[in-house]
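Single-letter residue listing:
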Amino acid sequence: MRKPFVGGNWKMNLDGAAARTLADDVARAVAADKLDRACDVAIFPPFVYLPHVFNVLRDRSSSVMLGAQDFWPEPNGAFTGEVSLAQLKDCGVQVVLAGHSERRHVIGEGDELINRKTRAALAAGFAVILCIGEKLDERAAGKTDEVNQRQLRAGLAGVPIEHAARLTIAYEPVWAIGTGKNATPADAQAAQAKVRSELGSIFSPEAASRIRIQYGGSMKAGNAAETLAQNDVDGGLIGGASLKADEFVAIVSAAAAAPRGR
Ligand code: PEP
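Below is a short write-up of the structure.

Rules used throughout
Residues numbered from 1 in each chain as written. Predicted model: local features only at pLDDT ≥ 70, side-chain atom pairs only at ≥ 80, totals over all residues. Heavy atoms only, no water. Helix = DSSP H or I, 4+ residues; strand = E, 2+ residues; numbered from the N terminus. Rg over C-alpha atoms; globule rule 2.2 N^0.38 Å. Buried < 20%, exposed > 50% of the residue type's maximum accessible area, 1.4 Å probe, protein only. Contact = heavy atoms within 4.5 Å. Areas by Shrake-Rupley, 256 points an atom, 1.4 Å probe, with all protein chains shown as cover. Lys, Arg positive; Asp, Glu negative; His and termini not counted. Charge placed at Lys NZ, Arg CZ, Asp CG, Glu CD. Salt bridge = Lys/Arg side-chain N within 4 Å of Asp/Glu carboxyl O. Core = buried A, V, L, I, M, F, W, Y, C linked by side-chain atoms within 4.5 Å.

## As for the overall build of the chain
Along its length, the chain carries 11 helices and 8 strands. Rg of the C-alpha trace for the chain: 17 Å, near the compact-globule value of 18 Å for 262 residues, within the 12% margin. Evaluated residue by residue, the chain yields a buried proportion of 53% over its 262 residues. If you take every contact in the chain between residues at least 6 apart in sequence, the share linking residues at least 24 apart comes to 74%. Counting only carbon and sulfur atoms, one obtains 52% of the accessible surface of the chain, whose full area is about 11,200 Å². Charge centroids of the chain, computed over 30 positive and 30 negative side chains, lie 3 Å from each other.

## Points about the pattern of salt bridges
For the structure on display, the rule yields 21 salt bridges. As a salt-bridge pair, D24 and R60 come within 2.6 Å of each other at their nearest N and O atoms. Placement of the pair is D24 in helix α1 (residues 16–32) and R60 in the loop between α2 (50–59) and β3 (65–68), with a sequence separation of 36 residues. Connected via shared salt-bridge partners are R2, R196, D232 and D234.

## Describing the nonpolar core
Counting residues in hydrophobic clusters, the biggest one holds 70 residues, and the most contacted among them are L88, V96, L156, I169, L199, F203 and L228. With 8 residues, the single largest contributor to this core is helix α11 (residues 245–257). Leave out the neighbours within four places in its chain, and F203 touches L156, V159, P160, I161, A164, L167 and I211. Counting residues in hydrophobic clusters, the runner-up holds 10 residues, among them M65, I129, A170 and L237.

The structure is reproduced here in structure tokens:
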């Protein structure tokens, strides 16, 4: 049985005080409603606020995991402006994103770099959320599954099956991110069932049955429950709606209450 996993990607938003308040509100609500019994939760603040948020989560003895939105795969050296996995570990980070669509399509990261990042983070013991998803023109051309398959194969090349237990996939159709448009629950389920079957060929059907696949793309409290009820939707990666504690916690509650048995 896969425990749902909901992540809040704060992107390049908030200041230090707002980051502390948001982390505190999320941690308090998750603990008060014991949501962590039925759902894993992570928040991904901007790098500079990782220590602020770490302190808040530690002071509340929170089960909410601290995540980083990005990192550089080399251990150290002349990589101006970059942050290493060891530095993130030092800040208490447990989970990292790789291949987020804004890094792929705004910053220009390619499959080869995303693969290096994914392998490095898994080898260093982090939980990794590998993000994949098609652009609007690719969807219009009927290439959703082809794009997902290519990004999965490239992103996971050389990842040993023993590391699959720490891997989560986020299926995030690029046209749905931050746009207010979201895939229908049936579309998300269809794409994610194909993703699971591809994970079965990459690793093994047994390993694939344990890997959590999140949906991401304009998920909000009002539209989350139906998507989260789909068999192959094991939680969500949330951008805009993760910046409001009540909205984010409502999505976590919907994931915790989603029907089980998968
Ligand atoms: C994201 O950034 O991963 C995301 C899904 O953003 P939003 O929820 O704002 O579409």
